[in-house]
Structure formats: structure tokens, C-alpha cells
Amino acid sequence: METLRQFLEHKGYTKIKLHLTKTNHFEIKASINGESGLFILDTGASSSCVGFEAIETFKLKAEDSLIKAAGAGAIDMDTKTSKKNRVKIGKWSNNKIVLVLFNLTHVNTALINHNSKPVDGIIGADILKKGKAIIDYEKKYLYLKL
């Protein structure tokens, strides 16, 4: 009998290891515009996000946005957007990712308070949909279609 991994790899998926944090979030390593970072995988986040402090790190071209962000206990946060970014997760990549930029201090403060590492951003449903993502919660792998 074929395993889930074998089945998905046969269908053109690549697997990426997930790390479960003390806060019960999955962390994932990814790169934006060639620069590596640490991200939370959040299926409930509609958009992938990066903190304002990482604009230079990831070579983002930030544009003002009228959209207000909300999440993780914070509401009505100012945002910027950055278009046409190259996001690479494992062997999967896409050159047309729009990222929402906002203040991630509240997220990272919560992580640090629970003895977890701060993150550069959040991988949200937009990227997961583009990659036709499948999450194996038991084995802690993310699969993305190449």
C-alpha cells in the first residue's frame, strides 16, 4: 500500500518539514527574494505577511495600503503591500506573490513570552492555495505542488 508521501510525490508534490512550536504553531523556513526567514504557517490567515522591520531584509518594495489588518488580538493595524515577490518554500517557488506588511510586534511578543523564537512573517492561505497545499499533521510535513 502506497504511503501519503509516495502518493503525493508521484503526483508532483514536494515535501517540506514543519516544526511544531511550544505555542502549538507550525514554523516553516522559506525565502523571500533570495533571503531566508522563519515563518508561522497559518491556514486561517487570508494573506501572507511580513513585519515592517523585514522590509530591507527581504528587499521589499513597500506601497501604502488602505487595508487594515486584524489578527492575534490586534485590530485596525496599518498595512503596506509589496507585489511581485519571489517566495521559495523547499523546492516550490512563485515569483508573483503579494505580501501584506504590518507590525508583527504583538505576534513576536507572544511567541517570546512562550519561549518560542520570533518570526519574520506568516505564510497564509494565499500561498497555500497557489501551492495546492496538503498538510500532514501527524508526520509534520507540508506538501506543495511543483
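Described in the following lines is the structure provided in the data block.

Thresholds, definitions, all that
- Residues numbered from 1 in each chain as written.
- Predicted model: local features only at pLDDT ≥ 70, side-chain atom pairs only at ≥ 80, totals over all residues.
- Heavy atoms only, no water.
- 1 Å grid on protein atoms, 1.4 Å probe; cavity = no way out; pocket = protein on both sides within 12 Å on 5 of 7 lines; lining within 4 Å.
- Points joined across faces, edges and corners; volume = space filled by probe spheres on them.
- Helix = DSSP H or I, 4+ residues; strand = E, 2+ residues; numbered from the N terminus.
- Nonpolar A, V, L, I, M, F, W, Y, C, P; charged D, E, K, R; others polar.
- Buried < 20%, exposed > 50% of the residue type's maximum accessible area, 1.4 Å probe, protein only.
- Contact = heavy atoms within 4.5 Å.
- Pairing = 2+ DSSP bridges.
- Phe/Tyr/Trp six-rings, centres within 6.5 Å; stacked < 30°, edge-to-face > 60°.
- Lys NZ or Arg CZ within 6 Å of the ring centre and 35° of its normal.

**Describing the layout of surface pockets**
- Size it by volume and the second largest pocket reaches roughly 150 Å³.
- Taken together, Lys17, Leu18, His19, Glu27, Ile28, Lys29, Leu38 and Lys117 form the lining of the second largest pocket.
- Take the lining of the second largest pocket: its biggest share by element is three residues, from strand 3 (residues 26-32).
- A per-class count over the lining of the second largest pocket returns three nonpolar, one polar and four charged.

**A look at unusual backbone geometry**
- Positive phi, close to 70 degrees, is recorded for asparagine 24, a residue that is not glycine.
- Despite not being glycine, lysine 84 shows a phi value in the positive range, around 55 degrees.
- Here lysine 84 lies in strand 7 (residues 74-89).

**A short note on the side chain of threonine 81**
- Of note, threonine 81 is situated in strand 7.
- The exposure class assigned to threonine 81 is buried, which follows from its relative accessible area of 14%.
- Those residues in contact with threonine 81 that lie beyond four places of it in its chain are Lys61, Ala62, Glu63, Ser65, Leu99 and Leu101.

**Some remarks on the environment of lysine 84**
- Judged by its relative accessible area of 73%, lysine 84 is exposed.
- Considering only alpha carbons, one finds lysine 84 and asparagine 95, 11 residues apart in sequence, at a separation of 6.1 Å.
- Excluding anything up to four places from it in sequence, lysine 84 contacts Asn95, Lys96 and Ile97.

**As for empty space enclosed by the protein**
- Summed over all chains, the structure comprises one cavity of 30 Å³ or more.
- Quantified by volume, the largest cavity comes out at close to 30 Å³.
- Lining the largest cavity we find Ile32, Phe39, Ser48, Cys49, Val50, Val87, Leu99, Ile122, Ile123 and Ile127.
- Taken together, the elements giving at least two residues each to the lining of the largest cavity come down to strand 5 (49-51) and strand 9 (121-123).
- Classifying every residue of the lining of the largest cavity by side-chain character gives nine nonpolar, one polar and no charged.

**Description of the pairing of strand 3**
- Taking burial as the measure, the seven residues of strand 3 include six buried ones, the bulk of the element.
- Alignment of strand 2 (residues 19-20) against strand 3, held across two bridges, turns out to be antiparallel. The partner of leucine 20 across the bridge, within strand 3, is phenylalanine 26.
- Where strand 3 folds back on strand 4 (residues 35-41), the antiparallel hairpin that results is connected by two residues, among which asparagine 33 adopts a positive phi of roughly 50 degrees.

**Some points on the packing of aromatic side chains**
- Under the defined criterion, the tally for this structure stands at three aromatic pairs.
- Residues phenylalanine 26 and tyrosine 137 carry aromatic rings whose centres are separated by 5.8 Å and whose planes lie at 40 degrees to one another, so their mutual orientation is tilted. A residue pair is termed long-range when its members are at least 10 positions apart, and phenylalanine 26 in strand 3 and tyrosine 137 in the loop between strand 10 (134-136) and strand 11 (141-145) qualify at 111 residues.
- Overall, tyrosine 137 belongs to the exposed group, its relative accessible area being 52%.
- Aromatic pair tyrosine 141 and tyrosine 143: ring centres 6.4 Å apart, planes at 50 degrees, arrangement tilted.
- Sitting over the face of the ring of tyrosine 141, lysine 15 holds its NZ or CZ atom 4.3 Å from the ring centroid.
- Here the guanidinium or amino end of lysine 17 rests over the ring plane of tyrosine 141, the centre of that ring lying 4.6 Å away.

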